[in-house]
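# Fold and geometry: a report
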Amino acid sequence: MEPVDWAYEVWDLFAEWLHDKDPHNRARGAQFLAGLAKSDPDNRILDNFSSLCAVAEDEKFVTARHALQSFWKIALGGDKQKKMVDDYLSDRFYNASNGVHPTMIRSDIIKGLRKLFEVTQDKDIEKLGIQLIETEEDPKQKGKLKKCWR
């Protein structure tokens, strides 16, 4: 998970894919840009963040889910990126019940935060993940989310 020096050679292409009519390209664009966030000293990801969020809420559930599953990688780009990701994922977790397949969305968010914690060992991420799990009112779902964190 080291930064690469060729990120900006492909950045614009992947940013265009976020708006492509093909849902596969939208998902890939989001996944690739999320992965390149750690290789973004110019912080271009901040300009693309709203488009990344749009793909993570795409009308095609599979497209949205693939984008959402890679969102944690954006936080590896720096403190601003981490804050934006934390805020977005928290809001998405709390409002998941307003959308399609809320338990899958919440599980993906917890799994992503867990991956981010494993990479960074950031106690704030750990705290956020546990805090989100504790807000789940359904005991069965809470148990499933706890398994995602382990």
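Refer to the structure above for everything that follows.
Here we summarise the structure given alongside this text. (Residues numbered from 1 in each chain as written. Predicted model: local features only at pLDDT ≥ 70, side-chain atom pairs only at ≥ 80, totals over all residues. Heavy atoms only, no water.)

### Regarding the overall build of the protein
Counting secondary structure elements, the protein contains eight helices and zero strands. Mapped in sequence order, the helices and strands of the protein form the string α-α-α-α-α-α-α-α. Relative to its length of 150 residues, the protein is compact, with a C-alpha radius of gyration of 15 Å against a globular reference of 15 Å. Projecting the C-alpha coordinates of the protein onto the three principal axes gives extents of approximately 45 × 35 × 20 Å. (Helix = DSSP H or I, 4+ residues; strand = E, 2+ residues; numbered from the N terminus. Rg over C-alpha atoms; globule rule 2.2 N^0.38 Å.)

### Examining the side chain of Asp58
Here Asp58 lies in the loop between α3 (44–56) and α4 (61–70). Judged by relative accessible area, Asp58 falls into the buried class, the value being 14%. Within the structure, the side chain of Asp58 is placed 2.9 Å from the backbone nitrogen of Lys60, a separation counted as a polar contact. Residue contacts for Asp58: discarding those within four places in its chain leaves Arg26, Thr63 and Ala64. (Buried < 20%, exposed > 50% of the residue type's maximum accessible area, 1.4 Å probe, protein only. Polar contact = N/O pair within 3.5 Å; in protein donor to acceptor, adjacent residues only side chain to side chain. Contact = heavy atoms within 4.5 Å.)

### A short note on the pattern of salt bridges
Counted by the stated rule, this structure contains 11 salt bridges. In this structure, the salt-bridge partner of Lys123 is Glu126, at a minimum N-O distance of 3.6 Å. Here Lys123 and its partner Glu126 are both found in helix α7 (residues 123–135), three residues apart, which amounts to about one turn of the helix. When its relative accessible area of 54% is taken as the criterion, Lys123 is described as exposed. Relative accessible area serves as the criterion here: at 22%, Glu126 is assigned to the partly exposed category. Residues joined in a network through salt bridges with shared partners are Lys82, Asp86 and Asp122. (Salt bridge = Lys/Arg side-chain N within 4 Å of Asp/Glu carboxyl O.)

### With respect to the environment of Asn95
Relative to the helices and strands, Asn95 resides in the loop between α5 (79–94) and α6 (102–120). Since its relative accessible area comes to 36%, Asn95 is described here as partly exposed. Here the alpha-carbon distance between Asn95 and Trp11, two residues 84 residues apart in the chain, equals 30 Å.

In short, geometric facts, not functional conclusions.
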